[in-house]
Each structure stands twice: as C-alpha cells, then as structure tokens.
Amino acid sequence: MSTVDPKDLADFSEQADAWFAENVARDPGFMLPLTFMEVGTDTQFNFLRDWQNKVWEAGYLGAAWPKAYGGGGLPQAFQNAATRAMRKRQGPIMLNAIGLNWAGPLLLEMGTETQKRAHLKGILSAEDIWCQGFSEPGHGSDLGSAQTRAVRDGDHFVVNGSKIWTTLGRYAKYMILLARTDPSTERKYDGLSFFLMPMKAPGVETVPIRKLTGEHGFTQTFFTDAKAPADGLVGPEGGGWKVAMRTLEYERGARGGQAGGYVSVGANAFDVFELAQRTKRAGQPVLEDPLVADEMVGFLMEIQALTLNGQRTQVPELIADRPQGIPLASKLMGTEMSRRLNDFAVRLTGVRGAYYVDEPEAADNGLWARNYLNAFSATIGGGTSQIQANIVGEHVLGLPKS
Amino acid sequence: MKDLGRIGFSEDQATLLDVATDFCQRRSPVATVRRLMEAEAGHDAAVWAELGELGWLGVAIPEAYGGSGLGLAEVVPLVEQMGRRLMAGPFVSTTLAAQALIAGGTEDQKREALPRIAAGEPATLALAELDTDWEPDAITCTATRQADRRLALSGGKVLVTDAAEARRIIASVRIDGEPALVLLTPEDLPAGALRRETVIDETRRSFALTLDGIVLDPDRRLDPDRTAAALEHIHLAANLLAAADMVGGTQACIDYTLDYLRTRTQFGKVIGSYQALKHPIVDAYTRYEQARSHLYSAAHCFNEQGTGEIAVRMAKASADVAYSFAADRAIQFHGGFGFTWDCDAQLYRRRAIWHAAQFGDAAFHRKKLARLLF
Ligand SMILES: Cc1cc2nc3c(=O)[nH]c(=O)nc-3n(C[C@H](O)[C@H](O)[C@H](O)COP(=O)(O)OP(=O)(O)OC[C@H]3O[C@@H](n4cnc5c(N)ncnc54)[C@H](O)[C@@H]3O)c2cc1C
Ligand SMILES: Cc1cc2nc3c(=O)[nH]c(=O)nc-3n(C[C@H](O)[C@H](O)[C@H](O)COP(=O)(O)OP(=O)(O)OC[C@H]3O[C@@H](n4cnc5c(N)ncnc54)[C@H](O)[C@@H]3O)c2cc1C
C-alpha cells in the first residue's frame, strides 16, 4: 500500500461526505432492514441492491480493494473515511454482506487468480449476491460434523444434502459451501472441502423459512445431485475446515480486509436514551423513575465501555496481558448488550410494549419489539453466545475444552 | 449527550505501568501480603522508602513543590499494579492528602507540606463519618472559633486510613455551618484520639478519630475560598484511585481463579472444562475488560478536564461491579478451599467490599450519573 497524503485523504473524506449527504434517500416509503439478515421482500432487496451498486460506482465501496478486481486501489484509510461518511449521513446498509465481508476478503487472500477475476467485481457491484452454506439441520455449532456430501466426478463434484438458515439464500447467485468430500477420515475436520457453489445450478433448491418476526429472511437449501465445479474449490480438497475457520475470522471481524461500509445499523444505547427522554408515564418523564434511570445509566456505561474497548485495542501497552481478549470477546459483549438493550426499550414503552409493527398506536411503529426479536440473529448467528463464551474461555483464558 | 470520555495514554503512563508491574510483583508476593496483614505496622518500611526513591509519592505533585508535575492519570497505573498485588501501605492515603492540599491548601501550607510528602512523609484524609451518605459535603463534625480565634474541633471521623503514621491529616469539618478543611498533625491529637478499627480488608490500617479536644491555630484552615472545589476534587480523585486498585485486583482475582480451574480435577475432568464455571468466569473477564477501559478513560479525562467527573464515576461503578462479581465467584469456584482463610479469594472479596463502602458504591455513582446525564 502506498503512503497516505493527508491532503488527498481530507479531500476524499469531504467529497464522500458531500456525496452521502446528497444521495442517502431520506424516506424510501417502506421499512428498511436494519441488518442484511432482515431482507424479507423484493422491494427491500431491489432498493438495497441499487443502493450498494450506486455507492460502489461512486467509489465509496471496495476503495481499498485492487483496481484489477473492481476496487479503487487506494489505501485502507480512504475506505474508512468513506464508511465514516456513510455512517454520519445514515446511509442504508450494504446488502451483499457475505460477499463483501467474508467471501471477498477470503478470495483476496486465498483465491486463485481466476476466482478473483470471476467474482470480486460482482460482489462489489451487487450484481452477484452471495450466501453461506455452513450450518445444517443436524449440525450448527458443531460445524466440523457437517454431512453434506460432495463426490468428485471429473471436473466437478456432485453435491447432495441440505444447508439451513441460509441468509439471502433466495437471492444468491453463489454460495460459500462447506461439504464433506471424504467421510472416512480419522479426524472429522480433514474430510471437509470449501466450494464456491453456483446457486442457479440444476439440483439446487431454496425453500424460504419464516423468522420469529413473521418475515422471511433465510432459507433452507437442498442439493440433489447438484454440480459444483472443481475449479471452485478454495484451498485443497480436504482442506476446507481451515478455510471455513478463516471465513469465521472475517465474519466476526477478528481479521480485516472487508470491502467497507456496514451491514447492520442496530439501535444503540443512545437511540434508546432518546426514546427514554421522550417517553412519559402517568404524565411524568419515565426517566424520573429511579429504577428506570438506573437501568438506563447501566446501558450508557456499557455502550461507552464497548467504545472504549475498541479505543484501547489501539494502545498495545493496555492490552499486553491478553492481546486477543477484547477482539475475541467483542461479538459476545456487543450482541448480548444489544439484545438486553432492546428488551429494555420495549419495557420503556410501557402499555405500548404490547403492540407490534403496523399497529398505529405502537411506539415508533413497533420498531423496538421487532429490534428485540431480531437481536437474536446476532446472539445465535455467526456462532452462538455460548460458543463465543467457550472460545473466550478456551482461547483467551486458557481453560480446557468443554 | 454529554462527553463520556475517551482513552488516551501518555508515554509517562506507559513507563510507569511497566515499572510498577515489575516492582509490585517482586515486592508484594501474596506471602508477604499475608505476613504484613498480621503485623502491627501493616506494611514494609523498606518498600515505602523505595517508593519515595522511585519518585512515586511526588508523581502528581507540581514541580514547584518538589514533585514531578505529572497528573493523577500517571498515578493510576501505579495504584492499579499495587491493587493487583494487594500491596499494603499508605501510598493512596498520602497521594490523596497531597491532592487535598494542592486543590485546597494555602500557599504556605503547600510550601511546607508538599515537598515533605513527596520525600516520603505519610499523610491521610479524615473525611468519612458514620451513617452519612458519600456526598463530600455530608459533614457533621465542627470547628468552632474561640475567643482567641483558635479552632476547637468536635465530632468523630471514621475510616481514617494509616492515621497512626500519618504526619499530616486533612479533616473535613463545618465552620459556621459551612464545609471547611483543616490540617492536623500528630502533635495536635490528645492521647486516645485514635482507635484502630477492625476493618474487613485486613491489609488496611484504619482508625476512628475523635476530634473532641483538638484545638488548632487559625492558619491550619485550608483556603476557605476553595473548600467546595477541593472536596469535589478529593472525592473524584479518591474514586479514581479506588477504581485503579479495584481493576488491578479484579485481574489478579480472575487469574488466581483460572489457575485453580485449570488444575483442579473432579469427576475425572479439570473443573475449568465445566461450563457452569467457564461461562461465569468469562463473564467476570468481560466485565473486567470493560472496567479497565473505563479506568483508563477516567484517568485520561481526569488530567484533561481537571476531574473528569462522568468518566470517574463510571470507572468506580464499573470496577465495583466487576471486582465484587469476580471475587464472589472466586470463593465459590474454589469449593471447600474457597471457604478457608488460606484461599486468596477472600482477600479480594474483602477488599472489594472495603472499596464499595468508601467514596460511594456502584449504586451511588450510577445515581449521580443519572443526574449528570439526564
Ligand atoms: C439470523 C440467522 C442467520 C443465519 N445465517 C446463516 C447463514 O447465512 N449461513 C449459515 O451457514 N448459517 C447461518 N445461521 C446459522 C447459525 O450459524 C447457527 O444457527 C448457529 O451456529 C447455531 O447452530 P444451531 O442453530 O444448529 O444451534 P445448535 O448448535 O443446535 O445450538 C442449540 C443451543 O445449544 C447451545 N450449544 C450448542 N453447542 C454448545 C456447546 N458446545 N456448549 C454450550 N452450548 C452449546 C447453543 O448455544 C444454542 O443455544 C444463521 C442463524 C441465524 C439465527
Ligand atoms: C463450611 C463447610 C463445612 C463442611 N463440612 C463438611 C463435613 O462436615 N464433612 C464433609 O465430609 N465435608 C464437609 N464439607 C465439604 C463439602 O461437602 C465440599 O467442600 C463440597 O462438596 C465441594 O467439594 P470440594 O471442596 O472438593 O470442591 P470441588 O468439588 O473441587 O469443586 C470446586 C468447584 O468446582 C465446581 N464443580 C465441581 N464439579 C463440578 C461439575 N461436575 N460441574 C460443575 N461444577 C463443578 C464446584 O461447584 C466448585 O465451585 C464442608 C464444606 C464447607 C464449606
């Protein structure tokens, strides 16, 4: 990476800010998903796909990816500036999360030249939507036991089995797929391989699953003699576990290289504070109730601690004892706080807490209840909180495996 | 939303953290802590002398008064590492008494006292009284002007740490109904004025101080114009340093428990493999990291803003919760051994309780924060 000229960077930031100020649609006329896991209607999908494409064309997505693959070829600081501007102007989320944040950086790191040329640009432009086929009905947390089979047949593999909870499965053109190419290995991990699987291939079927919110968000994906091209293998045959683990590092943000932007805009403690400030009960501001006030202070302290944790990881002397501690624990801390916070928000709304989305008398159109229910997407997806606690206990605190 | 603070870390903090980590580990192993606990003096005079030589007593004292002119932010890593090793001695009492003089003393008082404090003369504060809350102006002790203009003191102070060896004691009283600070020396105290208290943290030396019968010259009063600011400053400084001690202690307590969880076997398995223990200790650990982040934000804000009230209160509240939880679970997770004197878990739990009882517990500070933020 070339060095950064502060003047160029400042100009770029200013342009980005102006661009987002002008181009962020104020009110699209329907409820926008807060995360990429909440895309439930074609209207939402089309809107977000156009939005991502527009941001990329303006040069504010993938700015630090190589030019040859559709990126901007600039230092990372430029993309960071663009992301900041996006956040400041409250732009909608980037839709193609799995492509931008995990498949993309993974291909940049481990993909063949052909794979990079074939896929990276489509990820950035949102032309090709990506999904992830890791979890199976019988194997979620215990991913290493995945049973979906892939059997070699000349220049391709024949895939049979089923994946589940496939976010964006209905829209995806490609899937990063973890499948078993050898069921006879001594260690279950050594029989797994990692594929770039075309979702439009014959024998691939997606069935929508309705979420706890009543909306559609993910699918179950069935494979019946579906062909996965052998040149879509990432890493060697039988080396899929390592690639999958690397993918999870990108997914959980423990490793950088993502295309930029953000893929969720969950409400934070400051938003809930704003709700608390305008909420009254029996004519009195709800924050005058000392028990409510105490809980609100607790959340403000907690969100502040998470912000400070992030700042502290930039000071090597202050994380010297356990350098991986905060990065590995941040998903656990952030997602669990968000779940409890949204629960608190629902309770803040008092009697209206009984209402749900679309009820005219609901507080903020029932947003808080929906947020709370959706918050479990993050405490379950990407590795459950219990699995995260195991990871912190074992990899940060040195405890033996459970 | 008001400014909640941010992390900043100076080169001086980094150097002092490094030196203190090593020094406290070497000079305060837990066997030493336990030996000193049983000894009357409660700390090691040689170590105290070394602290003076290292310049630690003058870190936050201005250069003009014999210190090195840094701030309390630079004292924080020292106290954090002392807390981590449960190190005994009047370091914090003395540092806070110096802060009281810096914030509220007259020029003469500062000139006389601060260089001596920096050179190693212990000092302390006499602020707390029984059955009040932790507001710095919750004072019932009085000083009454006599005909000869001297001040006659009355009332009782408690939790006067290290009073037996303090060469100076800064006490809060009311004069004509208004809060005031006065400077006492051991020579002012009638026989029997100090009674050693039995306190939960046995590494401490703490005393009840009876003020009745003490008469002071008028020049012992600290600057009346700065009393309120000084009381506020001391309150926040005390909470900042308490948070530092607590964060260090939390870390040590977690490490101590982890050692046991990694080695103790039951049902043919190392007990740290049981999630009933693993997940709560992870919980303790994440609270610790959050408390430490609050601490270094508070340290930075204290230097930057003069007191950094919001960040300091968050730091103390967060440290109280983290330390209490970690130490409470430490006892439980040691099983029958956890119930014994020899298990260090009780040392940490007692110290966490001690800190919660002084200068405000988590609930007190959260209540203050609600008023500051809403
Ligand atoms: C909104 C959402 C989107 C998702 N998107 C995708 C996707 O795009 N692609 C994909 O592949 N997957 C996706 N997932 C699946 C997700 O990764 C799995 O749900 C998750 O890993 C848990 O697996 P499981 O559902 O099989 O639960 P299980 O593993 O069966 O867990 C059930 C319960 O047991 C607990 N548990 C399991 N093992 C342990 C253990 N060793 N110790 C302690 N507790 C344990 C879990 O914490 C959980 O509470 C998504 C999930 C959600 C909720
Ligand atoms: C005040 C007191 C009086 C006592 N009096 C008597 C007496 O008179 N006679 C007598 O025989 N005994 C007595 N005991 C001993 C008592 O029964 C044991 O201390 C207790 O059974 C725990 O065993 P342990 O101390 O070996 O701890 P351990 O079994 O080593 O446990 C250590 C920690 O690991 C946890 N742990 C252990 N196994 C598991 C698991 N499978 N899953 C999850 N967590 C686990 C425990 O909960 C504990 O937190 C007494 C104990 C106390 C504290």
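Source: prediction; values computed, not measured.

Peer 1: Describe the nonpolar core, and please don't skip the residues or the numbers.
Peer 2: One finds Trp-56, Phe-91 and Ile-170 of chain B to be the most contacted residues of the largest nonpolar core, which totals 106 residues. Here the element with the most residues in this core is helix H7 (residues 227-263) of chain B; it accounts for 20 residues. Every residue in contact with Trp-56 of chain B, bar those within four places of it in the chain, is listed here: Leu-16, Val-19, Ala-20, Phe-23, Cys-24, Leu-51, Leu-78, Met-82 and Phe-91 of chain B. Among the nonpolar cores identified, the runner-up in size contains 77 residues, and Tyr-60, Leu-177, Val-204 and Ala-244 of chain A belong to it.

Peer 1: Go over the site of ligand 2 with me, naming the residues and quoting the values.
Peer 2: Residues and elements named next belong to chain B. Taken together, Arg-264, Gln-266, Phe-267, Ile-271, Tyr-274, Ala-276, Leu-277, Gln-332, Phe-333, Gly-335, Gly-336 and Phe-339 make up the full set of residues near ligand 2. Residue assignment for the shell around ligand 2 shows that the elements contributing at least two residues are helix H8 (275-305), helix H9 (309-333) and helix H10 (335-338). Along the lines of polarity and charge, the residues of the shell around ligand 2 split into seven nonpolar, four polar and one charged.

Peer 1: Describe the interface of chain B and chain A, and please don't skip the residues or the numbers.
Peer 2: Counting residues at the interface gives 39 residues for chain B, matched by 41 residues for chain A. Taking both partners together, chain B and chain A bury about 3500 Å²; carbon and sulfur atoms supply 68% of that area. Of all residues in chain B, Tyr-285, Gln-290 and Phe-374 of chain B give up the largest surface area on contact with chain A, accounting jointly for 18% of the area buried on that side. Taken together, the connections running from chain B to chain A amount to four salt bridges.

Peer 1: I'd like a rundown of the sheet that holds strand S4 (residues 156-161) of chain B, residues and numbers included.
Peer 2: Residue and element names in this part refer to chain B. Spatially, S4-S8-S7 is the arrangement adopted by the three strands of the open sheet, whose pairing is antiparallel. Two strands lie at the open edges of the sheet, namely S4 and strand S7 (194-196), each paired on one side alone. Across the sheet, the mean angle separating the axes of adjacent strands is 30° when strand polarity is ignored. Note: S7 against strand S8 (residues 206-210), three bridges, orientation antiparallel. Of the residues in S8, the one forming a bridge with Leu-194 is Leu-209.

Peer 1: Explain the site of ligand 1 residue by residue, including any values.
Peer 2: The environment of ligand 1 is formed by 19 residues, the closest being Ser-135, Ser-141, Trp-165, Thr-167 and Thr-384 of chain A. Positioned at a junction of chains, ligand 1 has nearby residues supplied by chains A and B. At 3.4 Å, a backbone N or O of Gly-140 of chain A approaches an oxygen atom of ligand 1. The side chain of Ser-141 of chain A places a nitrogen or oxygen atom 2.6 Å from an oxygen atom of ligand 1. Notes on ligand 1: free accessible area 960 Å², of which the protein chains cover 68%. Of all the elements in the fold, those that place two or more residues in the shell around ligand 1 are strand S3 (156-167), helix H10 (367-380) and helix H11 (385-396) of chain A. Taken together, the residues of the shell around ligand 1 break down into six nonpolar, 13 polar and no charged.

Peer 1: Tell me what's going on with the domain arrangement of chain A, and back it up with residues and numbers.
Peer 2: Residues and elements named next belong to chain A. What the domain assignment reports for chain A is domain 1 (6-94 + 107-125), domain 2 (130-251) and domain 3 (269-396). Each of domain 1 and domain 2 was reduced to a C-alpha centroid, and the two centroids are 27 Å apart. The partner domain 2 presents 17 residues to the 14 residues of domain 1 that form the contact. Summing the contributions of domain 1 and of domain 2, the shared interface buries around 1400 Å²; its carbon and sulfur component is 57%. The tally of links between domain 1 and domain 2 comes to two salt bridges. In this structure, Asp-42 and Arg-170 form a salt bridge, with 3.0 Å as the shortest nitrogen-oxygen distance. Counting across the domain 1 and domain 2 interface gives six residue pairs in polar contact (both at pLDDT 80 or more). For the side of domain 1 that touches domain 2, the secondary structure elements donating two or more residues are helix H2 (42-58), helix H4 (97-110) and helix H5 (113-125).

Peer 1: I'd like a description of the packing of aromatic side chains, backed by residues and values.
Peer 2: All names here are of chain A. Inspection of every chain in the model, using the stated rule, returns 24 aromatic pairs over all chains. Their ring planes at 50° and their centres at 5.5 Å tell us that Trp-165 and Phe-218 sit as a pair that is tilted. Within this pair, whereas Trp-165 is found in strand S3, its partner Phe-218 is found in strand S7 (residues 216-229), the two being separated by 53 residues in sequence. When its relative accessible area of 47% is taken as the criterion, Trp-165 is described as partly exposed.

Peer 1: Describe H8 of chain B, and please don't skip the residues or the numbers.
Peer 2: Residue and element names in this part refer to chain B. Over its 31 residues, H8 extends 43 Å from the first C-alpha to the last, a length consistent with the 45 Å expected when each residue adds 1.5 Å. With 22 of 31 residues buried, H8 is to be regarded as a mostly interior element. Positive phi appears at Gly-306, one or two residues downstream of H8, with a value of about 95°.

Peer 1: Account for the environment of Arg-339 of chain A, with residues named and values stated.
Peer 2: Mapped onto the elements, Arg-339 of chain A comes out in helix H9 (residues 325-348). The spacing of Arg-339 of chain A and Ser-141 of chain A is 198 residues in sequence and 20 Å in space, taken between C-alpha atoms.

Peer 1: Could you give an account of the packing of helix H4 (residues 72-84) of chain B against H7 of chain B, with specific residues and numbers?
Peer 2: All names here are of chain B. For the pair H4 and H7, the least separation of the axes is 7 Å and the interaxial angle reads 40°. Here H4 lies oblique to H7, going by the angle between them. Between H4 and H7 lies a crossing whose hand is right-handed. Contacts between H4 and H7 involve Leu-72, Val-75, Val-76, Val-79, Glu-80, Met-82, Gly-83 and Arg-84 from the first element and Ala-237, Leu-240, Leu-241, Ala-244, Asp-245, Val-247, Gly-248, Gly-249, Gln-251 and Ala-252 from the second.

Peer 1: How would you explain H7 of chain B if you had to name every residue and give the values?
Peer 2: Between the first and last C-alpha of H7 of chain B there are 54 Å, a value that for 37 residues agrees with the 54 Å anticipated at 1.5 Å per step. Of all 37 residues in H7 of chain B, 30 are buried; the element is thus mostly enclosed.

Each value, and the rule that gives it
Residues numbered from 1 in each chain as written. Chains lettered and ligands numbered in written order. Predicted model: local features only at pLDDT ≥ 70, side-chain atom pairs only at ≥ 80, totals over all residues. Heavy atoms only, no water. Core = buried A, V, L, I, M, F, W, Y, C linked by side-chain atoms within 4.5 Å. Buried < 20%, exposed > 50% of the residue type's maximum accessible area, 1.4 Å probe, protein only. Helix = DSSP H or I, 4+ residues; strand = E, 2+ residues; numbered from the N terminus. Contact = heavy atoms within 4.5 Å. Near = heavy atom within 4 Å. Nonpolar A, V, L, I, M, F, W, Y, C, P; charged D, E, K, R; others polar. Buried area = accessible area lost by both parts, 1.4 Å probe. Salt bridge = Lys/Arg side-chain N within 4 Å of Asp/Glu carboxyl O. Pairing = 2+ DSSP bridges. Axes fitted to C-alpha atoms, helices over the stretch in contact; angles between N-to-C directions. Polar contact = N/O pair within 3.5 Å; in protein donor to acceptor, adjacent residues only side chain to side chain. Areas by Shrake-Rupley, 256 points an atom, 1.4 Å probe, with all protein chains shown as cover. Domains from an automatic or database assignment. Phe/Tyr/Trp six-rings, centres within 6.5 Å; stacked < 30°, edge-to-face > 60°. Expected span 1.5 Å × (residues − 1). Parallel < 35°, antiparallel > 145°, perpendicular 65-115°, else oblique. Left-handed = near helix turned anticlockwise from the far one by under 90°.

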